[in-house]
Amino acid sequence: MHGNKAMTVHDWYTKVLHILEAQGDISMPELEARELVSCALGEDVRRIPQAGMVSASEQAALEQLLERRLQGEPLAYLLEEWDFYGITLRVTPDVLIPRSDTERLCELAIEQARICEHPHVLDLCSGSGCIALALLHEVPKAHAVGVDLSPDAIALARHNAERLGLSDRYTCIRGNAREAPPQELISAFDIMVCNPPYITEQEMRELDHSVVDYEPHLALYGGTDGLDFYRAIVQEWAQVLRPDGVLFFECGWEQGEDVAKICMEAGLRETQIETDYAGVPRIVHAQCPR
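Read on for an overview of the structure. What you see is a predicted model, and the numbers here were worked out from it, not measured in a lab. (Residues numbered from 1 in each chain as written. Predicted model: local features only at pLDDT ≥ 70, side-chain atom pairs only at ≥ 80, totals over all residues. Heavy atoms only, no water.)

Attention shifts here to the overall build of the protein chain. Scanning the protein chain from N- to C-terminus turns up eleven helices and nine strands. Since a compact globule built from 290 residues should have a radius of gyration of about 19 Å, the 21 Å found for the protein chain is in line with a globular shape. Expressed along its principal axes, the backbone C-alpha trace of the protein chain runs to roughly 70 × 40 × 30 Å. The buried share of the protein chain, reckoned over its 290 residues, is 51%. Taking the intrachain contacts of the protein chain between residues at least 6 apart in sequence as the baseline, contacts between residues at least 24 apart amount to 66%. Accessible area for the protein chain stands at about 13700 Å²; split by element, carbon and sulfur atoms hold 48% of it. (Helix = DSSP H or I, 4+ residues; strand = E, 2+ residues; numbered from the N terminus. Rg over C-alpha atoms; globule rule 2.2 N^0.38 Å. Buried < 20%, exposed > 50% of the residue type's maximum accessible area, 1.4 Å probe, protein only. Contact = heavy atoms within 4.5 Å. Areas by Shrake-Rupley, 256 points an atom, 1.4 Å probe, with all protein chains shown as cover.)

What follows is the structure in structure tokens.
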């Protein structure tokens, strides 16, 4: 896609839209066309006069963004930010893109936090920090600690907290979800939320290339049956919860019963499976014994 003459904002939007529609596998081409043009122009296209001319440098930036998108790179990585549960987060290929599938998990954790007097929350496998930061945004009395294995993810989560004005109630530290937690975290939390890697070996082979080629495998692969992290977390990390503390897991669409069983066999109680907004049984929550 190379333009030989100056074109208006409207011309470019229309051209990008037609190219994305012709691609055939982009579910919301209107949204993506608007976002790509806005990103190249440095301002929301809806606020720019449609008759305004696109400069040569803006045109070059737009062509580069479009080419990357057509090669399969996710829109969120092109824009370098993504919306999740009412907040906007910086995202990079160092972390999974926050998904709407996770918003119901976040909502349940928020509801639980609101009934705690001074809720302390642990976000294990925190990635961009999306779950904990959305919770802090909604529950001003809460404090949260994120834990991730990736130093780049930790740096990004801290950046997101600062950007959202939540650094005074949030910290993110390095830790391995499959090993014992640091001693200072034992019995320190009312709530633990965790969206761990849960993609099975078979599913890894079947993932769309926009996921498998761009998103971090460290945050995707959960072992042969996808359940390795759940087994380790309930054995090693349940001890960070206070008596009656509540654990919230996200899991794959066929894993709810297995994850619930892992929780019950570890001695957790009040184990329940909840559906996400699409009706998929994706959330398991359980309570620590008194």
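Structure shown, so let's carry the discussion forward.
Spatially, the seven strands line up as an open sheet ordered 5-4-3-6-7-9-8, and their pairing is mixed. Lying at the two open borders of the sheet, with one neighbouring strand each, are strand 5 (170–174) and strand 8 (269–275). Looking at each pair of strands side by side, their axes are set apart by 15 degrees on average, direction ignored. Where strand 7 (residues 241–250) meets strand 9 (residues 281–287), five bridges bridge the pair, whose relative direction is antiparallel. Each residue of the ladder has a partner; that of Val246, found in strand 9, is Gln287. (Pairing = 2+ DSSP bridges. Axes fitted to C-alpha atoms, helices over the stretch in contact; angles between N-to-C directions.)

Take the packing of helix 1 (residues 9–23) against helix 3 (residues 56–70) next. Where helix 1 meets helix 3, the closest approach of the two axes is 11 Å, and the angle between their N-to-C directions is 10 degrees. Classified by the interaxial angle, the pair formed by helix 1 and helix 3 is roughly parallel. Taken together, the residues of helix 3 that come into contact with helix 1 (itself represented by Trp12, Val16, Ile19, Leu20 and Gln23) are Gln59, Leu62, Glu63, Leu66, Arg69 and Leu70. When the residues that make up the contact of helix 1 with helix 3 are grouped by side-chain class, the tally is seven nonpolar, two polar and two charged. (Parallel < 35°, antiparallel > 145°, perpendicular 65-115°, else oblique. Nonpolar A, V, L, I, M, F, W, Y, C, P; charged D, E, K, R; others polar.)

Attention shifts here to the pairing of strand 7. The buried fraction of strand 7 is high, at seven of ten residues. Note that strand 6 (residues 189–194) and strand 7 share five bridges and pair parallel. The residue bridging Ile191 from the neighbouring strand is Val246, located in strand 7.

Note on placement: Glu32 falls in helix 2 (residues 29–41). Accessibility expressed as a relative area gives 10% for Glu32, which makes it buried.

This part covers the pattern of salt bridges. Summed over the entire model, instances satisfying the criterion amount to 17 salt bridges. With a closest N to O distance of 2.4 Å, Arg99 and Glu215 form a salt bridge. Of this pair, Arg99 sits in the loop between strand 2 (87–90) and helix 5 (103–114) while Glu215 sits in the loop between helix 9 (209–212) and helix 10 (228–236), and the two are 116 residues apart along the sequence. Classification of Arg99 by relative accessible area gives partly exposed; the value is 33%. Residue Glu215 is classed as buried on the basis of its relative accessible area, which comes to 3%. Here Asp276 and Arg282 are joined by a salt bridge, their closest N and O atoms 2.9 Å apart. In this structure, a network of salt bridges that share partners links the residues Arg178, Asp225, Asp228 and Arg231. (Salt bridge = Lys/Arg side-chain N within 4 Å of Asp/Glu carboxyl O.)

In this structure, Leu124, Met192, Ile233, Trp237 and Phe249 are the most contacted members of the largest nonpolar core, which totals 36 residues. Among residues more than four places away in sequence, those in contact with Phe249 are Leu105, Cys194, Pro196, Tyr230, Ile233, Val234, Val259, Cys263, Arg282, Ile283 and Val284. The next biggest cluster of nonpolar side chains, apart from the first, holds 33 residues, and it includes Cys116, Leu136, Ile154 and Val246. (Core = buried A, V, L, I, M, F, W, Y, C linked by side-chain atoms within 4.5 Å.)

Turning our attention to the packing of helix 5 against helix 6 (residues 130–138). Helix packing for two helices is described by the angle between their axes and how far apart those axes are. Relative to each other, helix 5 and helix 6 sit at 45 degrees, their axes nearing to 10 Å. The pairing of helix 5 with helix 6 is recorded here as oblique in orientation. Handedness of the helix 5/helix 6 crossing: right-handed. Mapping the contact onto sequence places Leu105, Cys106, Ala109, Ile110, Ala113 and Arg114 in helix 5 and Ile131, Ala134, Leu135 and Glu138 in helix 6. Of the residues that constitute the contact of helix 5 with helix 6, the class distribution is eight nonpolar, no polar and two charged. (Left-handed = near helix turned anticlockwise from the far one by under 90°.)

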